[in-house]
Amino acid sequence: MKFRLLILLVFLLLGALLGHYMMQGSGYVLISFGHWSFESSLWVFALMLFATMATLYGAVNLSITLIKSPNAFKGWSQQRNINSAIGKTVQGLIALAEGNWKQSEKLLMAGAHGKGKLINYLAAARAAQYEGNYEHCDQLIAQAVKSTKGAELAIGLQHAQLLLEREQFEQCLATCLRLKKQFPKHPFVNKILLKTHAALNDWQAVLDVLPQLNKHKLLPTKKSTEVEINAYKKLINSMITSRSSNSKDPELLLDVWIKVPNRVLKHEDATQMIHDFISHLMSLNAHHEAESQLRKILQHTLDKTLIDLYGWIKGQDVRRQLIIAKDVVKQLPNDADASLMLGRVHLMNEEFEEAQHVFEISLSQQNKSETRSELSRLYLAKHEPEKALEMLRQGLG
């Protein structure tokens, strides 16, 4: 503000000074060239010169503006188009979020201009998918690939997710494997690959991919544990229920079984899997292998169904089996199932008196028909039919 006042003051002083000199005299200017001459007062000539300079300056500026005007107009037009594309893209995304698929795709494609058009193609592809137009969705994905170089990963992940959602698992697997070849350690490629393998019931493949996800902490610990246990349960179940010859080969079955981590076998959700596998080995007359595996599990898992199963398996070393059975009873001294199992192992060792004693203890702990049946058979083997009949009568009564 002070600077402007100072400038104004300077101009006023100059004007006053100029007026003073103009009052002193008008001066005289003569310009002669050949037969041509020009006469004027000094002050008129000065005003004419100033007006001429101002006119020339204005003409030069106007010429420069006219020369640059096409580029300026082009820049303005481009900016206007960009703003229009951004507006349509925003409207298209809003329509997508609101579930207006057709309108969303129309707006997104209308706004597919400039460097950001990849987003428009991918969002429009999702709108087409939600509308159920899978063929058009794939066409938009193809256009997205052509539109932007270096975006293969982003487009591939989006396409794989769309294929997974529409349950085209084989195509999704092909896309994921192609991405994994290009980006072998990318966490999200492996995450979609895990879901695809699970959808295809390829449980060994699920277990192969899971460590990569755990490495990058893409799954919560609880979820990772659930996935791992479920994968092993499905894998073991598919093996023992398969109609192939592999399901009847104990050696091949054990090759897979021994790879199951202890953390899985110790989990409570693994009990049924263990029971089914051991029972399957028993059905194949692989009692020695079944007893060996179950013996290891009973060291950390004292589930009643597994304890009961141990009493029906005759291992290679029944004396050692008896030691394991007694150890179980020590840990569960008042458990009728543990006592019943111990009695059966005594029978395997032909220790009939000990078996009878333990069966009677089990019966006192819980009145079970299984225990009565064991005692009845034992009494008959000892030629005590009256006791056997009395045991059966008590069971019926």
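Please read all numbers here as calculations on a predicted model, not as lab measurements. (Residues numbered from 1 in each chain as written. Predicted model: local features only at pLDDT ≥ 70, side-chain atom pairs only at ≥ 80, totals over all residues. Heavy atoms only, no water.)

1. Examining the pattern of salt bridges
Worth spelling out the cut-off: Think of a salt bridge as a Lys or Arg side-chain nitrogen and an Asp or Glu carboxyl oxygen that are within 4 Å of each other. Starting at the N terminus, helices and strands are each numbered in turn, a helix being any DSSP run of H or I of at least four residues and a strand any DSSP run of E of at least two. Remark: exposure states derive from per-residue accessible area (1.4 Å probe, protein chains only) relative to the maximum for the residue type, with buried under 20%, exposed over 50%, and partly exposed in between.
In the structure shown here, the tally under the stated rule is 15 salt bridges. Close ionic contact of E291 with R295 constitutes a salt bridge, the shortest N to O distance being 2.9 Å. Within this pair, E291 and its partner R295 are both found in helix α14 (residues 287-298), separated by four residues, close to a single helical turn. Just as E291 is buried, R295 falls in that class too. Put simply, E370 and K368 hold a salt bridge, and the shortest N to O gap is 3.9 Å. By relative accessible area, which is 34% here, E370 ends up partly exposed. Taking relative accessible area as the criterion, K368 reaches 16% and is therefore assigned buried. Several salt bridges converge on common partners, so that one network encompasses K304, D308, D335, D337, R344, K368, E370, E374 and R377.

2. Digging into unusual backbone geometry
Residues other than glycine seldom take positive phi values, yet K217 does so here, at roughly 55°. Within the secondary structure layout, K217 lies in the loop between α9 (203-215) and α10 (221-241). Phi is positive for N285, which is not a glycine, with a value near 65°. In this fold, N285 is placed in the loop between α13 (271-283) and α14.

3. Points about helix α18 (residues 352-365)
Quick note on the threshold: Expected span of a helix: the number of residues minus one, times 1.5 Å.
If you check α18, its first and last C-alpha atoms are 20 Å apart, about what 14 residues at 1.5 Å a residue would give, namely 20 Å. Residues of α18 that are buried include every one of A355, Q356, V358, F359, S362 and L363, and no others.

4. Digging into the environment of R126
Note the following rule: Any two residues whose heavy atoms approach within 4.5 Å are treated as being in contact.
Within the element layout of this structure, R126 appears in helix α4 (residues 117-130). The spacing of R126 and L140 is 14 residues in sequence and 9.2 Å in space, taken between C-alpha atoms. Residue contacts for R126: discarding those within four places in its chain leaves Q158, Q161, L162 and E165.

5. What to know about the confidence of the model for the protein chain
Convention followed: A score from 0 to 100, pLDDT tells how confident the predictor is in each residue.
Mean pLDDT over the protein chain: 84, with 81% of residues reaching 70 or higher. Across residues 72-76, where pLDDT falls below 50, the model places zero contacts with residues more than four positions away in sequence or in other chains.

6. Observations regarding α4
Compared with an ideal rise of 1.5 Å per residue, which puts 14 residues at 20 Å, α4 spans 20 Å between its outermost C-alpha atoms and is within 8% of the ideal. The buried fraction of α4 amounts to eleven of the 14 residues, a majority that puts the element mostly inside the structure. For α4, every residue scored as buried is listed here: L118, N120, Y121, L122, A123, A124, A125, R126, A127, A128 and Q129. Looking one or two residues past α4, G132 carries a phi angle of roughly 90°, positive in sign.

7. Let's talk about the packing of aromatic side chains
Inclusion rule: Two rings belonging to Phe, Tyr or Trp (six-membered ring only in the last case) form a pair when the distance between their centres is within 6.5 Å. Interplanar angles under 30 degrees mark stacking, angles over 60 mark edge-to-face geometry, and anything in between is tilted.
Evaluated as defined, the whole model comprises two aromatic pairs. Judged by centre distance (4.8 Å) and plane angle (55°), the rings of W101 and Y130 are tilted. Taken together, the residues W101 in helix α3 (residues 101-110) and Y130 in helix α4 connect sequence positions 29 residues apart. Given a relative accessible area of 27%, W101 falls into the partly exposed group. Consider the rings of W257 and F277, whose centres lie 4.1 Å apart with planes at 5°: the pair is stacked. Taken as a pair, W257 in helix α11 (residues 250-257) and F277 in helix α13 lie far apart in primary sequence, 20 residues in all. The residues W257 and F277 share a single accessibility class, namely buried.

8. A word on the nonpolar core
Note the threshold: Working definition of a nonpolar core: buried Ala, Val, Leu, Ile, Met, Phe, Trp, Tyr and Cys residues. They are joined through side-chain atoms within 4.5 Å.
Ranked by size, the top nonpolar core spans 62 residues in total, and within it W257, M273, I274, F277, I278 and L294 carry the most contacts. Broken down by element, this core gets its largest block of residues, eight residues, from α10. Residue contacts for I278: discarding those within four places in its chain leaves A290, Q293, L294, L309 and I313. Ranked by size, the runner-up nonpolar core spans 17 residues in total, among them A123, A125, I141 and A151.

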